[in-house]
Every structure is written in structure tokens, then in C-alpha cells.
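Structural characterization, general
Spelled out, the chains give:
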Number of protein chains: 2
Amino acid sequence: MVAGASGDRAAEDLTARARIRDAALRLFAERGIDGASIRDIAAEAGVSSGLVRHHFGSKEALRDACDSYAMDRLDEIRGELFREGHINSGFMIETHPAVMRLQRYLARSMMDGSDRATAMFDRNLRLGEEWIAQQGITVTDPRAYMGVMMVMQMGLFTMHEQLSRVLGADVRETEGYVRMARGLVDFYSHALLSPEIAAELHATLERLQHGSPTGGARHTARPKEYDDDRGDPR
Amino acid sequence: MVAGASGDRAAEDLTARARIRDAALRLFAERGIDGASIRDIAAEAGVSSGLVRHHFGSKEALRDACDSYAMDRLDEIRGELFREGHINSGFMIETHPAVMRLQRYLARSMMDGSDRATAMFDRNLRLGEEWIAQQGITVTDPRAYMGVMMVMQMGLFTMHEQLSRVLGADVRETEGYVRMARGLVDFYSHALLSPEIAAELHATLERLQHGSPTGGARHTARPKEYDDDRGDPR
DNA sequence: CGACGGGCTACACGTGTGTATAGTGTGCTG
DNA sequence: CAGCACACTATACACACGTGTAGCCCGTCG
């Protein structure tokens, strides 16, 4: 069970090194990598800032250790939840409270530029594409479909504070989680766009793609003004 | 048209003050509020760092000015797009390239703790709830449904760099935008969960909500360990 | 018992930050 | 022309940051 996996690491987690890593995971996720200082993390873990360096060498190495730990734990917990059959849908596993803390850290780490987390994202994207093919789901652009779905799901993690606030309960605790999960199930089980409107939108996009005279500007060129209008779809 | 609104401000935007604001919008969105220094912004705008302070008083005031500007421009552009009828669905307006840059900034600003952006989020959430009621859409928990949808949509903005990377084209330019929009339309027009599975998940959540013995821990209490398992749904 | 090694702390250093202030040039007004 | 308001720059200050180093405490082993 999930508690077992945590228990396996209980002895190790009593060490200062583990306390530092846990504090780092929490603060990095909350404030971002740059936003959480080594001194903050040390204070959170109840040790001196020098000890952080002693155990991990540098802030970047500490972040790497957090990345590795989060990814490993994530795989373990996902495996356990899957084996126990606690969750009926793969989509829901990703928002399981125990998983969510780690997902939240990884999302933030990727946002702040982690190669490891980015690689994991890419791997999951490929797995998702394969899954789509296996399920026989027919979409216009499998990669775009899966990419959009994944980054949107990540909004649940990066914006989890805002979500918890409007729901009136922390989504990492049972009460808030249940509310969020209900919204999520409703969201995934209702098609908001009718086939007619969807077809209409696809036609519009088709026109935009081929008829647009604005294709000259590439993303490598940085615009001088922020709100330039080269994307005007007329 | 959209270009008109930009044109109206063209003269004003030639001023150093406007260049600073535009540079701040860009760098704040890219690196976060703390990640973009006043000196960076000044260099990006081609002025001295002192001038930033002269025009805006403080970094916090500069950020406030950016919040206000982004929100005002967003309202203008949304209004224009709506009046011109360029977009067939309200969902798509939010991902229009011209809107996306501003949305991206506001999402990041809210993530980094902006009261103004948070207030706008709350306002849009209320509007969304009203819209759900008007449309006669029946969901288990309208607020949770709308909240989940909004934070997920925000993932498109906060993770737009990753999305652009896997799509091979900047989603703020036409090519990448079209790919993203196609994925989005597919996502919104297909129900991934069948009614049966959705009912099953709702039943599981019902059981979890009432039968869980783990409700003692509240989000006000900060756990000592990061990966505690109080959220175990057994 | 004495030496050793690792967990751990205290403190110093250089850098980049937001902020503050003094000063420069320039165009407009009386 | 004198004076002044304004956009703008240069420089300084205090502070927090990541990093580096010296040393303390204490259990272990020869």
C-alpha cells in the first residue's frame, strides 16, 4: 500500500539529509527554484545552511536530487495505486493527493528549466501518443491533442493554490480533492463543443493556416513591442 | 480592428515609459516577477535602471502598472474580437495569439501573488458560473467544474514554452497556434470518459468523501514530511 | 586511549538585487 | 535670457543570495 512505501523510507527520512530534501521539495514547489533560498530550506529543515551544501554540494545539485526523488517516488506510487486498483481511470491517478504534491514540484521545476523534468514530460507525451493510437481515438493532430491535454492538466498543479482558494479547501486534502476531482470528472465526461461547432472551428483554423499573410514572422524574431498584432487572424 | 487598438497607443508606446512597461510584461512573463530584475528590464527597454524607478516608483508599482495594462488591453481585444466575430467559441478567444501574451503574463503574475490578477480570476470564475447556469449545463459542482476548467486552461499559458517546444513552433505565432488550437478543439469536442465510467468515478468519490478516516488533517496544519500519505483514499 | 572521519555549525567573501540620491541635459515658459 | 520642470543617468548603499572555509562534536576503529 502507499503507506508502506513511505514506511520503507521512514528510517532514512529521519536523517537531516532527507529533511532537507523534503523541505526543498516543499519550498521549491511553493516559491519556485529561485524563490526558495538555501537558507530558507535549511531553516525549514531545522539545520544550518552549511549542512545543505555539505550534503548536496550546490543548489543545482539539490534541485537535481529533488527531481530524481520526485520522479522515482511518483513511479512507485503510481504503480502501487494502479496495482491496488484504487483508481478507475488513468487520468485520476495524476491528481491523487499523494501524487499531486510531487507533480506540483515537477511542474514547477520544469517551468523553471529542469532538463530532467522536461525529459519526463517528453516521455509521458510519447506514452500518451501511443495510448491514443491504441485506444483508436481519432484526432486531427495526436501530438497537439496530447500536448494540450498534458499542459492543461499541469494547470491543476501550478495553479493549485488558486484552485484551493476558490474551492475553500486544500486540494491536497480529502475535502478539496474530492471537489476538484468531481469537477475534473464532469469536465472529462462532457463534450463542451458540439460536432457542428467543432467542425466550424476546424474549418476556421484551416483557413487561418493557409490564407494568413502573417506567416513571415517567426518565433525566433523577438518583437519590439509586447502587444504587436501579427497574430491577427483576419 | 485589433491593429487599430494598438495603433491608438502607438504614439504613447514610443515613449520610454511604454517601452519599459512592454519590456517588463515580456520579462515578467518569461522569468517570473522575482526572476526579472529592474536592471534586466531597463536594459531590454534600452534605458537606465534609474529611469524605471523614476517612472514607476518601485518594482511592485511597475508590476501593478503591468497588471492594469494587461487587464485593460485584454478587455479591449476581447471586445474587438467578439464584435468582429472572428472567433466562433468563447473558449477560443482566450487562446487567440494576441490575447495569449497578455494571458500568459497575468497567469504568471497571479502565480507570483498578484491581488489584482487574483481578483480578475475570481471575477471570471463568477462569470463562468453564471454562464453555466444560463446554458443549462448540469454538473455536480458548478464552482469546482468552472475552477478546474479555468486553471487547466491556464496551463496553456504557464506551460506555453514546453508546448511550443513539443509542437515545434511557437504557439504565439500562426503555425504553432493553429496546431495548438486544433488539439484544443479536439479536446473540447470529445468526451474522454464514458457516462458509465464517469458514474463509477463519482461513486468512488462519494465513498471517499464520507467514509474516509483521514479527514482529521486540515490544510492549515503543515505536514512534517513532504510525501506523507494522509491522503490515502483507502 | 588516541586518531580519524563524517555530520554539522559559524562566519567570511563576492555578486546581484531593490532602493536612494545627486547630478546632467534639454525644452518650455515668463 | 533666466528659471524651472522634466526625462534621464551615474553612483552608492544596505541587504540577501550562493558559495567557500575553518573548525567543533562525537561515535568508531586500531
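What you see as residue numbers is a count from 1 along each chain, following the sequence as written. All chains are assigned letters beginning at A, and all ligands numbers beginning at 1, according to the order in which they are written. Side-chain atom pairs in this predicted model are given and counted only at pLDDT of 80 or more, local residue features only at pLDDT of at least 70, and totals for whole chains, interfaces and linings cover all residues. Hydrogens and water are ignored here; the side-chain numbers use all heavy atoms of the structure.

1. Some remarks on the overall build of chain A
How we decide: To qualify as a helix, a DSSP run of H or I must reach at least 4 residues; to qualify as a strand, a run of E must reach at least 2; elements of each kind are numbered from the N terminus. Exposure categories follow from relative accessible area, calculated using a 1.4 Å probe and restricted to protein chains: below 20% of the type maximum is buried, above 50% is exposed, and the middle band is partly exposed. We call two residues in contact whenever any of their non-hydrogen atoms come within 4.5 Å of each other. Note that accessible areas follow from Shrake-Rupley with a 1.4 Å probe, and for residues the cover is restricted to the protein chains shown.
A tally of helices and strands in chain A yields 13 helices and zero strands. Starting at the N terminus and walking to the C terminus, you meet the elements of chain A as α-α-α-α-α-α-α-α-α-α-α-α-α. The burial tally for chain A puts 53% of its 234 residues in the buried class. Intrachain contacts of chain A at a sequence separation of at least 6 include 61% that bridge at least 24 residues. Total accessible area computed for chain A in this model is approximately 9,900 Å², and 51% of it derives from carbon and sulfur atoms.

2. Some points on the protein's contact with DNA strand C
This is how the line gets drawn: For this purpose, a residue is taken to be near a molecule or strand whenever a single non-hydrogen atom of the residue falls within 4 Å of it. Polar contacts, as counted here, are pairs of nitrogen or oxygen atoms within 3.5 Å of one another; within protein the pair requires one atom able to donate a hydrogen and one able to accept it, and residues that are adjacent in sequence qualify only if both atoms are side-chain atoms. All amino acids are sorted into three groups, where Ala, Val, Leu, Ile, Met, Phe, Trp, Tyr, Cys and Pro are nonpolar, Asp, Glu, Lys and Arg are charged, and the leftover types, Gly among them, are polar.
By nearness alone, 15 residues border DNA strand C, and Ser 48 of chain A together with Ile 38, Arg 39, Arg 53 and Lys 59 of chain B come closest of all. Near the protein, meaning within 4 Å, the atoms of DNA strand C are sugar or phosphate in a fraction of 56%, with bases accounting for the rest. Separating a base nitrogen of DNA strand C from a side-chain N or O atom of Arg 39 of chain B is a distance of 2.9 Å. Taken together, the elements giving at least two residues each to the surface near DNA strand C come down to α5 (49-56) of chain A together with α4 (38-45) of chain B. With four residues, α5 of chain A is the single largest residue contributor to the surface near DNA strand C. A breakdown of the residues in the surface near DNA strand C according to their chemical character gives five nonpolar, six polar and four charged.

3. Details of helix α11 (residues 160-167) of chain B
Where burial is concerned, most of α11 of chain B is hidden: six out of the eight residues are buried. Listed in full, the buried residues belonging to α11 of chain B are His 160, Gln 162, Leu 163, Ser 164, Val 166 and Leu 167 of chain B. The elements touched by buried residues of α11 of chain B are α8 (97-111), α9 (115-135) and α10 (142-158) of chain A together with α8 (97-111), α10 (142-158) and α12 (174-189) of chain B.

4. A closer look at the pattern of salt bridges
Quick reminder of the rule: In what follows, salt bridge is the name for a side-chain nitrogen of Lys or Arg lying within 4 Å of a carboxyl oxygen of Asp or Glu.
What the rule picks out here adds up to 28 salt bridges over all chains. The closest approach of N and O atoms between Asp 141 of chain B and Arg 179 of chain A, which form a salt bridge, is 2.7 Å. Of the two residues, Asp 141 of chain B is situated in the loop between α9 (115-135) and α10 and Arg 179 of chain A in helix α12 (residues 174-189); the pairing between them involves two chains. The salt bridge involving Glu 206 of chain B is made with Arg 182 of chain A; its shortest N-O contact spans 3.0 Å. Remark: Arg 182 of chain A occurs in helix α12 and Glu 206 of chain B occurs in helix α13 (residues 195-211); the pair is interchain, linking two chains. By relative accessible area, Glu 206 of chain B is classed as partly exposed at 38%.

5. Thoughts on the protein's contact with DNA strand D
Surveying the vicinity of DNA strand D reveals 15 residues, the closest of which are Ile 38, Arg 39, Arg 53 and Lys 59 of chain A together with Ser 48 of chain B. Within 4 Å of the protein, the contacting atoms of DNA strand D are 61% sugar and phosphate, with bases supplying the remainder. Between DNA strand D and Ser 37 of chain A there is a distance of 3.4 Å, counted from a phosphate oxygen to a side-chain nitrogen or oxygen. Taking Ser 48 of chain B, its side chain carries an N or O atom lying 2.7 Å from a phosphate oxygen of DNA strand D. Residue assignment for the surface near DNA strand D shows that the elements contributing at least two residues are α4 (38-45) of chain A together with α5 (49-56) of chain B.

6. Some remarks on the domain arrangement of chain A
Residue and element names in this part refer to chain A. Rules: All domain edges in this entry derive from an automatic or database-based domain assignment. A quick way to say it: buried area is the sum, across both parts, of accessible area lost when two parts are put together, with a 1.4 Å probe.
Each assigned domain of chain A is listed with its residue range as follows: domain 1 (11-158) and domain 2 (159-218). If you average the C-alpha positions of domain 1 and of domain 2, the two centres end up 22 Å apart. Taken residue by residue, the interface counts 17 residues in domain 1 and 15 residues in domain 2. Of the roughly 1,400 Å² buried between domain 1 and domain 2 on both sides combined, carbon and sulfur atoms contribute 65%. Here domain 1 is connected to domain 2 by one salt bridge. With a shortest N-O distance of 3.3 Å, Glu 161 and Arg 104 are connected by a salt bridge.

7. Looking at the side chain of Arg 63 of chain A
All names here are of chain A. Its place among the elements puts Arg 63 in helix α6 (residues 59-84). Residue classification places Arg 63 among the buried positions, given a relative accessible area of 4%. Within the structure, Arg 63 has its side chain in polar contact with the backbone oxygen of Ser 109 (distance 3.0 Å). Of note is the side chain of Arg 63, whose polar atom sits 3.3 Å from the backbone oxygen of Asp 112. If near-sequence neighbours (up to four positions away) are discounted, Arg 63 is found in contact with Phe 28, Ile 33, Tyr 105, Ser 109, Asp 112, Gly 113 and Ser 114.

8. Re the confidence of the model for chain A
Where we set the bar: The pLDDT value tells you how sure the predictor is about a given residue, anywhere from 0 up to 100.
Mean pLDDT over chain A: 84, with 84% of residues reaching 70 or higher. In the predicted structure, residues 213-234 of chain A sits below a pLDDT of 50 and forms 48 contacts with residues beyond four places in sequence or in another chain.

9. Concerning the packing of aromatic side chains
Our working definition: Each Phe, Tyr or Trp ring (for Trp, its six-membered ring) is paired with any other whose centre lies within 6.5 Å, and the angle between the two planes then decides the class: stacked below 30 degrees, edge-to-face above 60, tilted in between.
Taken as a whole and assessed by the stated rule, the structure comprises seven aromatic pairs over all chains. Between Phe 187 of chain A and Tyr 145 of chain B, the aromatic rings sit 6.3 Å apart at their centres with planes inclined by 65 degrees, giving edge-to-face as the arrangement. On the criterion of chain membership, the pair formed by Phe 187 of chain A in helix α12 and Tyr 145 of chain B in helix α10 is interchain, its members lying in two chains. As far as burial versus exposure is concerned, Phe 187 of chain A and Tyr 145 of chain B are alike and both buried.

10. Side note on the packing of α12 of chain A against α10 of chain B
The criterion, for reference: Under this scheme, a helix contributes an axis fitted over its contacting stretch, all axes are lines through C-alpha atoms, and angles between N-to-C directions fall in the 0 to 180 degree range. Working definition: roughly parallel below 35 degrees, roughly antiparallel above 145 degrees, roughly perpendicular at 65 to 115 degrees, and oblique for all remaining angles.
At a closest axis distance of 8 Å, the pairing of α12 of chain A and α10 of chain B adopts a crossing angle of 75 degrees. When the axis of α12 of chain A is compared with that of α10 of chain B, the two are roughly perpendicular. On the side of α12 of chain A, the interface is formed by Arg 179, Met 180, Gly 183, Leu 184, Asp 186, Phe 187 and Tyr 188 of chain A, while α10 of chain B contributes Arg 143, Ala 144, Tyr 145, Val 148, Met 149 and Met 152 of chain B. In terms of residue class, the contact of α12 of chain A with α10 of chain B is made up of nine nonpolar, one polar and three charged.

11. What to know about the packing of α10 of chain A against α11 of chain B
For the record, the criterion: Throughout, a crossing is termed right-handed when the near helix is turned clockwise from the far one, and left-handed when it is turned anticlockwise from it by less than a right angle.
For the pair α10 of chain A and α11 of chain B, interaxial distance at closest approach is 10 Å and the crossing angle is 165 degrees. Comparing the axis directions of α10 of chain A and α11 of chain B gives the class roughly antiparallel. You can see that α10 of chain A and α11 of chain B cross each other, and the crossing is right-handed. For the pair α10 of chain A and α11 of chain B, the contacting residues are Arg 143, Ala 144, Gly 147, Val 148 and Val 151 of chain A in the first and Leu 163, Val 166 and Leu 167 of chain B in the second. Class assignment of the residues belonging to the contact of α10 of chain A with α11 of chain B gives a composition of six nonpolar, one polar and one charged.

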